[in-house]
Amino acid sequence: MPSPFLTPGSVAQADDVALLHLRRDQTIPTILRATDDENLGYKEGKVSNTRFGSFPHSTLINQPWGSQIVASKVDTGSRGRKPSNKRKAEELEASGTTTGAEDSSSLKKPEAASSGFLHLTYPTPESWTLSLPHRTQVVYTPDYSYILHRLRARAGGTVIEAGAGSGSFTHAAVRAVFNGYPSEKSATKKRRLGKVCSFEFHEQRAARVKEEISEHGLDGLVEVTHRDVYEDGFLLGDPKTGRSPKASAIFLDLPAPWLALKHLVRKPASGTESPLDPSSTAYLCTFSPCLEQVERTVRLMRQLGWLDISMVEVNHHRIDVKRERIGLDCEGVRGATVFPKSVDEAMSKLLTDDERAKRLRTAHLEGTRANLTEEDTTSTPKDQTVPTYNLGRLVHRTESEIKTHTSYLVFAILPRDWSEEDEQKCRRKWPSDKLEAEEKMAPKTRKQQKKEFKELRLREQQEEKEEKEQQATETSEA
Amino acid sequence: MHSSIRPNQFVVIQLPSDQTRIVKLVPNTIVQLGKYGSFAANQILGRPFFFTFEILDAPQSDGYQLRVVPAEELHAENLIEEAEADGEGEEGESGASTPMRTNRNIVDDASTQKLTTQEIEELKKEASGAGKDIVAKLLESHTNLDKKTAFSLAKYTLRKRKKYIRRFTVLPLDVGFLTNFLLDQRDAQRTMELRDEHVGLLGCLGNVHHGGNSTLDAIPTIKPNGRYFVVDETGGLVVAAMAERMGILYPEDDEEEDLNEDSSAMAQDGTETTEKKTTSTPRRKRPRPMSASGNTITVIHAYSQPNLSLLKYFGYDINTPDESHPLHTHLKTMSWLQLVDPSTDPILSNEPPALSAEELSGLKASKRTAYYFKRNRWEKFRAVTDEARAGGFDGLIAATLLEPAGVLKHTIPLLSGSAAVAIYSPTIEPLTELMDLYSTARRTAFINRKRDLEMQKTSDGETVDFAPLSEEFPLDPTRLLPPTLHTTRVRAWQVLPGRTHPLMTGRGGAEGYLFHGVHVIPASANIQAAGTFRKKRKVETTSTPASDRDVEMTS
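From a predicted model like this one, the values you see are computed outputs, not experimental measurements.

Participant: So what exactly am I meant to see when it comes to the overall build of chain B here?
Facilitator: A count of helices and strands for chain B gives 19 helices and 15 strands. For chain B, the residues scored as buried account for 36% of the 555 residues in total.

Participant: How do you make sense of the overall build of chain A when you look at a structure like this?
Facilitator: What chain A contains, in helices and strands, is eleven helices and 14 strands. For chain A, the proportion of its 478 residues judged to be buried stands at 38%. Here the analysis covers contacts within chain A between residues at least 6 apart in sequence; of these, 68% occur between residues at least 24 apart.

Participant: When you look at the interface of chain A and chain B in this model, what are you seeing that I'm missing?
Facilitator: How big an interface is tends to be stated in terms of the accessible area lost upon association of its parts. On the chain B side, the residues contacting the 101 residues of chain A number 100 residues. Residue contributions to the side of chain A that touches chain B peak at 14 residues, all from strand β12 (residues 307-324) of chain A. Here the side of chain A that touches chain B is composed, by residue class, of 38 nonpolar, 34 polar and 29 charged. In this sheet, strand β13 (residues 480-494) of chain B lies alongside β12(A) in antiparallel orientation, the contact comprising nine bridges. Directly across from A:N315, in β13(B), lies its bridge partner B:R489.

Participant: I'm lost on the pairing of strand β14 (residues 408-414) of chain A in this one. Help?
Facilitator: The two faces of a sheet get side chains in turn, since along a regular strand they alternate between them. Residues and elements named next belong to chain A. Of all seven residues in β14, six are buried, a share of seventy percent or more. Bridge count for strand β11 (residues 282-288) against β14 is seven bridges, and the pairing is antiparallel. Note that in β14 the partner of F287 across the bridge is L409. Where β12 and β14 come together, four bridges link them in antiparallel fashion. Paired with L307 across the two strands is I413, which belongs to β14.

Participant: Honestly, helix α6 (residues 175-185) of chain B in this entry has me stumped. Any pointers?
Facilitator: Residue pairs three or four apart in sequence face the same way in an α-helix, which turns once every 3.6 residues. Within α6(B), burial applies to B:V175, B:G176, B:L178, B:T179 and B:L182. Buried residues along α6(B) sit against α2 (141-150) of chain A together with α7 (196-205) and α9 (237-246) of chain B.

Participant: Quick question: what am I supposed to make of the sheet that holds strand β7 (residues 167-172) of chain B here?
Facilitator: Remark on secondary structure: sheet strands pair via backbone hydrogen bonds, oriented parallel or antiparallel. Residue and element names in this part refer to chain B. With antiparallel pairing, the five strands of this open sheet are ordered in space as β2-β1-β7-β5-β6. Each end of this open sheet is capped by a strand with a single partner; those strands are β2 (20-24) and β6 (66-69). The average undirected angle you get between the axes of adjacent strands in this sheet is 35 degrees. Strand direction decides the pairing type here: strand β5 (residues 52-55) and β6, joined by four bridges, are antiparallel. Bridge pairing links I55 to L66 in β6.

Participant: Please clarify how the pairing of strand β2 (residues 26-31) of chain A should be interpreted in this entry.
Facilitator: Residues and elements named next belong to chain A. Strand direction decides the pairing type here: strand β1 (residues 17-23) and β2, joined by six bridges, are antiparallel. The residue of β2 that forms the bridge with H21 is T27. Between β1 and β2, which pair antiparallel in sequence order, lie two residues; one of them, D25, sits at a positive phi of approximately 65 degrees.

Participant: How should helix α7 (residues 291-303) of chain A be read in this particular structure?
Facilitator: Residue and element names in this part refer to chain A. A rise of 1.5 Å per residue sets the reference length of α7, with its 13 residues, at 18 Å; its end C-alpha atoms lie 19 Å apart and thus fit the reference within 8%. Among the residues of α7, Q293, V294, E295, T297, V298, R299, M301 and R302 are the ones counted as buried. Looking one or two residues past α7, G305 carries a phi angle of roughly 85 degrees, positive in sign.

Participant: Can you help me understand the environment of A:D219 in this one?
Facilitator: Residues and elements named next belong to chain A. With respect to the helices and strands, D219 occurs in the loop between α4 (203-215) and β9 (222-226). Overall, D219 belongs to the partly exposed group, with 16 C-beta atoms counted inside 10 Å. For D219 and S3, which are 216 residues apart along the polypeptide, the C-alpha to C-alpha distance reads 9.2 Å. When residues no more than four places from it in sequence are discounted, the contact partners of D219 are I213 and S214.

Participant: Even after reading the chapter, I still don't get the environment of B:L396, so can you show me in this structure?
Facilitator: Residue and element names in this part refer to chain B. Secondary-structure assignment places L396 in strand β11 (residues 393-399). C-alpha of L396 to C-alpha of R227: the two residues are 169 residues apart in sequence and 9.2 Å apart in space. Look past the residues within four positions of L396 in its chain and what remains in contact with it is F229, T411, L415 and V421.

Participant: Where do I start with unusual backbone geometry in this structure?
Facilitator: Glycine aside, the phi torsion of most residues is negative, and most peptide linkages are trans. In this structure, the amide linkage connecting A:A162 to the following residue, A:G163, adopts the cis form with an omega of -10 degrees. Within the element layout of this structure, A:G163 appears in the loop between β7 (158-162) and α3 (168-177). Non-glycine residue A:D308 carries a positive phi angle of around 55 degrees. Of note, A:D308 is situated in strand β12. At B:D18, a residue that is not glycine, the phi angle is positive and equals roughly 70 degrees. With respect to the helices and strands, B:D18 occurs in the loop between β1 (10-14) and β2.

What counts as what
Residues numbered from 1 in each chain as written. Chains lettered and ligands numbered in written order. Predicted model: local features only at pLDDT ≥ 70, side-chain atom pairs only at ≥ 80, totals over all residues. Helix = DSSP H or I, 4+ residues; strand = E, 2+ residues; numbered from the N terminus. Buried ≥ 20, exposed ≤ 12 C-beta atoms within 10 Å, placed from the backbone. Contact = placed C-beta atoms within 7 Å. Nonpolar A, V, L, I, M, F, W, Y, C, P; charged D, E, K, R; others polar. Pairing = 2+ DSSP bridges. Axes fitted to C-alpha atoms, helices over the stretch in contact; angles between N-to-C directions. Expected span 1.5 Å × (residues − 1).

Printed below as a string of C-alpha cells:
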C-alpha cells in the first residue's frame, strides 16, 4: 500500500492516514475507514468528532486532498457505547438519550449540518510532528530539517535512529531517504532503496511506533527494533549475528550517546559486523539537551577517530504578523489603541481639551450647562473608503511563546574504510607521477556553436548561389 | 553521492586557514594551493573523502608525495589536553594545585617573538616536516611562552599552525558545502544569503522528496508523483538543493567504481564515452530533454533564459546538457510568459510547420538540422507548458526577487490540494506583506464579498462575475492554510575541556525568513463556521464588515 506520507495520490482513500485540519496548530490525525471498525455504534460508520462538528468518514473518503469538508448531523448521543475513550468523552455532553446501538449493517447516509467544516489534508512529517500523540520529547521540524540536511540523508540512503521516541524524526527520515517502495525492487535492477532502521529500548513505545509505521503504509521502509543499543548495538535481528544495516547516517537521541558510540566503528572490538556502510562516509548526529552530555560525547568521538566534529544549536521561532491601529479615531475598534497617532494629533487634542475645559469653566462660572455633544460628533469623521483589513500599520513580532533551547546537536564524520591494499590499488590506477602537459580543448560554448552554425549556413547559401550561377551559365552556354 | 574522490569532479579543498577552494580534479594535473604548496591530482583520486593530507617534502619512490594524517594526530592536542584535564581535576581535589597562570605579567608587544620576518622567510624555504618545524621553532623562540596560560598558548599554536602547516582536507562538493562556500567566500547577496539551515527547512516545509518510481510503473490512472514548481533567483542553488532531496542531482552510480578494475579498464571507459559522443546513436534512443513525467522540477524564470549556473558544480551545464545526467530529463524550465500567457510567447506562438518525410528528404542536411532543432524546441516547450498549465503540482518552492503575491497568484491554482508552499526571503518585509494578504480579517471580508456577489447572481439568474473580487483581493485568501512565518539560525559552539562556549563571532547580514502554507480547496457552497463563538455572527450586508470577530472559526 502506498503511504499517504510519500505518495498521497490525488484523493483520500480508505485506510489512509489523514489529517483533519481544524485551525492553526489544531490538527487531528485519523485513519480513514469505510466501516465502523471499532464498533462505536454510529449509524454513519466511523465518525471523527471535533469541536467544529462531526465528520463521518464516508464524507471524507474519495474526496480530493485539501478539500474543505462540511460537518454532518450525527446522532452522537443515542448510541449504546460505553465511555472508554477519554478524548471522545466530550461528545457525550451533547444532548440526547442513550437508546442502545441499532443495526449497523446498512450505513446511514450522512446529512450535512448547517455549520462547521474542516480541511482534509494528507499527512507530512511536519504536520504529523505537530499532531502526533506525544510519548517522549519530540524532535521538531527546525531541528530535524537541519539534522537531516547535515547528515546528508538522501534518496536511497540508510539511516539509523535511536531511540525512536514518538516517531517524529522517523517520519522525516523516511521521507528523506525514500526512493521507491520495496515491492518494486524486483522491477528495478540493483538500485539501493532508502531505509530507516529505528531502535527503541522502551518496549511499549517500540510496539506503538511499529504499529504506527504499519498504519502509515511505511512497512519495509522503516524497520523498528526493540533494543537497548548501549548493550546490544545496531545490528538488525540478532544483536550478535544479525545483518548490518549498512548505514551512512546515524541519529542518536539518547541520554548517554557515548555509551552507544563503541558500536559505531568500522571494526567493532567484539568481532561482530559493523553497522556502518563500509563503502561510504558515515555521518553522525547526537541530540542532547545538556552541555555535560555534549562534552562527554565529543571526547569519545575524538578518541574513536571521528572527524569534523562540530556542535551547534538551532534557534527557531515563528513570527506573528498583524495590523496595528493607533489613533484617537479608533474608539471601539477591537485590538486598536486609543492614543494620538502623531504629535499633530496630540496637539490638536490638547487644544480641544483645553478649549473644552475653558468652556466648562465659564459655563460653571455663569451657572449654565455647556452643550458639548454637538462638537464631539463632528470631531470624529470616519474614513469609510478604506476597508478595515487594510487599516493600520503592518507589524511583526515573535510568537508569544518560544522554545529557547531544544538540544545541542553534535555532528561528526567518519571516512569510509580504507586499507593499505586499497591505497596500493589506487596508486596503480592513478600513477602518482603521471602528468599531462597539453591542455585539453575547452568545450564549445553555446555562442561558439551558434556562430559556427551561422557560418555553415552562410557557406551553404554561397554554394547554392554558385550552383545557380553555374546552372545559369550552363543553360546560357547551351 | 560517492564516498571516494572521482576524476573530473568538483571537490572542496579545505586549507589550514579554514579557507575552502572548489577545485575540479582533472587526472594527470597539478593542483596549486598557493602558499600551502601544490599536489598532483592523481595522488588523491580514488581516495576517500574527508581525509586530511600532508604534503611531504620529498616524494616516495613511486612519486607519491602525500601522507594521510590519521585522526589521532588531528585530535592529538585535544586528546592530550583532555587527559591532562583529568589529572588536574584529581590534583585539585587533593588540594595541592599549582598557582593559576594568568595574563597579568604579559607584555603586549611584538618583541616577544625573537625570530625576525627575514628569519621566518628563510625557515620557510628550508624547513621540512610540512611546516611543523616552523611552528616548533616559532614556539621555541617565543620569550613569554612559559607565562602564557594554557588557553592563550593553545590559541597561539593554532594561529601559527594555520599559517604555516602544509595540510589540506578533501571534502565532497554537495549542496551543504556549496551553500557555505558561496556564503563565506563569494558574494552572499547573489545567493540571497541562503544558509544551510534555510536550505534544510525550505525543503522540509515544501515537503520536497523523491516521488517514488512512478515513471517505471507507468500506470496512467495514477497521477505522477513528485512534481514541484521552483522559482529560483539564487543562480540554481535552490534548484540544486531540491534536486538533491529528490535524488536527481548527482549522476547515477551505474558502475560503482570498483577498485579491482585495472587502470586500462578505466582508460577504455574514457575512450568509450568520447566515442559515444562522436558516433551519433539513433535519435530515438536518446532521452528527450525535459521528458520525465514524475519526480520533476519545473523552474519558472523571469528572463528568457533561466540562470542555473551553479548546477555546473554538479556536472550539469544547462547550455550544453549532459544527456546521461538525471537533470536532463527531470529539470524543466519555462518563462513566466509561457506559464501565464503562452499565446504571446515568441517560441510557443510560432509553431514550425510539421514537415512530411518526403519534404524533409528534399531539404539540405543543414536545413534539416535547423528544422529538427526548431521543431524539437517547440515540441519541448509546448509539452512543458501544457503539462504545467494542466496543474496538479505537489509543491511550490521559491526564493525570488519577484513580488511573492504575483508568484502565488499564478502558481497556486496549479497546485494539487494539500500541496505545500514554501517561500524564502532574506528580509522579512515581502513576507509580512504576503502574510497580510492572508490575514483573517481579509479572508472574512473576501468570503462575505464573494457571498454577496453570488447572491446577486441568484437574483439575476446570470453567471456571476468575480472580476470585482479579484480586483479587491489580489490573492484568494481562502486557498492557503495556515500561513506561517518562520525564522531560524544555527549557533555554533566550541567544545573543549573546560573551554566550551558559543563562537565569539559569526556572520551578520540578512536573517532569512520562510513563509509556509498548505494549498486547500474551498467548498463551492458557503459554509458557516461552527465552534466556540466569541460573538454570534450577524448576517453581513456591507462590503467591509467589522472583520475581527471570527478569528477563531474561519481558520
